[in-house]
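Structure assessment
In case you want the letters, here they are:
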Amino acid sequence: GAAEAARVALRAEANWTSPQDFALTATEMPSQMLPWLRLALMPASEVAHLQLNDLFEARNISLEREVVRTLVTALDRALGKFEHSIEEDELILDSIKMRKSLPVRTQLAVTYRKLCKQVLLQTRELAELHWESVRSKKSAGGDLPTTSTAKKKKQRMKAEHES
């Protein structure tokens, strides 16, 4: 219907796909991940009159709860695919250092696997911090927060559309 057409148009305007991959880092969430999730999870009744810039702010507490819950679930699923915990990887790496019995290739693979899990866990923590920020702002009676990243993105997108 019209809502799905509006959703597709907004994805195209932002150059997003469905599904969408995001490159994760240990220091910050990708600036477009939460807006993409907001669009994907937003009820059809709210999509029709939406502007792309609206997605870069947390405006609806129940939607934001669902966005964070969906993100945390996806991260937990990704973490669940690993056979070993970070602690087990550290034990393996310690034993490699002590005995030097496993090939360098194995050491690199375990190190990479450990780092991947650490990034997933850090992103999960960032999502939970975002939710706490939204919740505390809302319970204080204020507007839902706009992150500095979202503000920068909004300004950049506005400038691109004006030129």
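See above for the structure.
Residues numbered from 1 in each chain as written. Predicted model: local features only at pLDDT ≥ 70, side-chain atom pairs only at ≥ 80, totals over all residues. Heavy atoms only, no water.

Considerations on the overall build of the protein chain
Scanning the protein chain from terminus to terminus reveals seven helices and zero strands. Start at the N end of the protein chain and walk to the C end: the helices and strands fall as α-α-α-α-α-α-α. Looking at the protein chain as a whole, 33% of its 163 residues qualify as buried. Taking as baseline every contact in the protein chain between residues at least 6 positions apart, the subset at least 24 positions apart corresponds to 70%. Within the structure as shown, the protein chain displays about 10,300 Å² of accessible surface, and the carbon and sulfur contribution to it stands at 53%. (Helix = DSSP H or I, 4+ residues; strand = E, 2+ residues; numbered from the N terminus. Buried < 20%, exposed > 50% of the residue type's maximum accessible area, 1.4 Å probe, protein only. Contact = heavy atoms within 4.5 Å. Areas by Shrake-Rupley, 256 points an atom, 1.4 Å probe, with all protein chains shown as cover.)

Comments concerning the packing of aromatic side chains
The final tally for this structure, using the stated rule, is two aromatic pairs. Centroid distance Trp 16 to Phe 56: 6.2 Å. Interplanar angle 45 degrees. Geometry classified as tilted. Taken together, the residues span a long stretch of sequence, with Trp 16 in the loop between α1 (2–14) and α2 (33–41) and Phe 56 in the loop between α3 (44–47) and α4 (61–80) at a distance of 40 residues. Exposure class is identical for Trp 16 and Phe 56. Each is buried. Between Phe 22 and Trp 36, the ring centres sit 6.1 Å apart and the planes meet at 70 degrees, which makes this aromatic pair edge-to-face. Of this pair, Phe 22 sits in the loop between α1 and α2 while Trp 36 sits in helix α2; the two residues are 14 residues apart in sequence, bridging distant segments of the chain. Judged by its relative accessible area of 13%, Trp 36 falls in the buried class. (Phe/Tyr/Trp six-rings, centres within 6.5 Å; stacked < 30°, edge-to-face > 60°.)

Thoughts on the environment of Cys 116
By the secondary structure assignment, Cys 116 is in helix α6 (residues 104–139). Considered as a pair, Cys 116 and Ile 86 are 30 residues apart in the sequence and their alpha carbons are 9.7 Å apart.

Let's talk about the packing of α4 against α6
Closest axis-to-axis distance for the α4/α6 pair is 10 Å, and the angle between their directions is 165 degrees. Classified by the angle their axes make, α4 and α6 are roughly antiparallel. For the pair α4 and α6, the crossing hand works out as left-handed. Only Lys 117, Leu 120, Leu 121, Thr 123, Arg 124, Ala 127, Glu 128, His 130, Trp 131, Val 134, Arg 135 and Lys 138 of α6 make contact with α4, whose side of the interface consists of Ile 61, Glu 64, Arg 65, Val 68, Leu 71, Val 72, Leu 75, Asp 76, Ala 78 and Leu 79. For the contact of α4 with α6, a count of residues per class yields 12 nonpolar, two polar and eight charged. (Axes fitted to C-alpha atoms, helices over the stretch in contact; angles between N-to-C directions. Parallel < 35°, antiparallel > 145°, perpendicular 65-115°, else oblique. Left-handed = near helix turned anticlockwise from the far one by under 90°. Nonpolar A, V, L, I, M, F, W, Y, C, P; charged D, E, K, R; others polar.)

Some remarks on unusual backbone geometry
Residue Pro 19 follows Ser 18 across a cis peptide bond; omega there is 5 degrees. With respect to the helices and strands, Pro 19 occurs in the loop between α1 and α2. In this model, Asn 15 sits at a positive phi of 65 degrees, which is unusual for a non-glycine residue. Along the polypeptide, Asn 15 turns up in the loop between α1 and α2. The exposure class of Asn 15 is exposed, given its relative accessible area of 66%.

Comments concerning the pattern of salt bridges
Overall, the coordinates contain 12 salt bridges when judged by the stated rule. A salt bridge links Glu 4 to Arg 7, with the nearest nitrogen and oxygen atoms 3.3 Å apart. Pair noted here: Glu 4 and Arg 7 are both in helix α1, with a separation of three residues, about one helical turn. A relative accessible area of 38% places Glu 4 in the partly exposed class. (Salt bridge = Lys/Arg side-chain N within 4 Å of Asp/Glu carboxyl O.)

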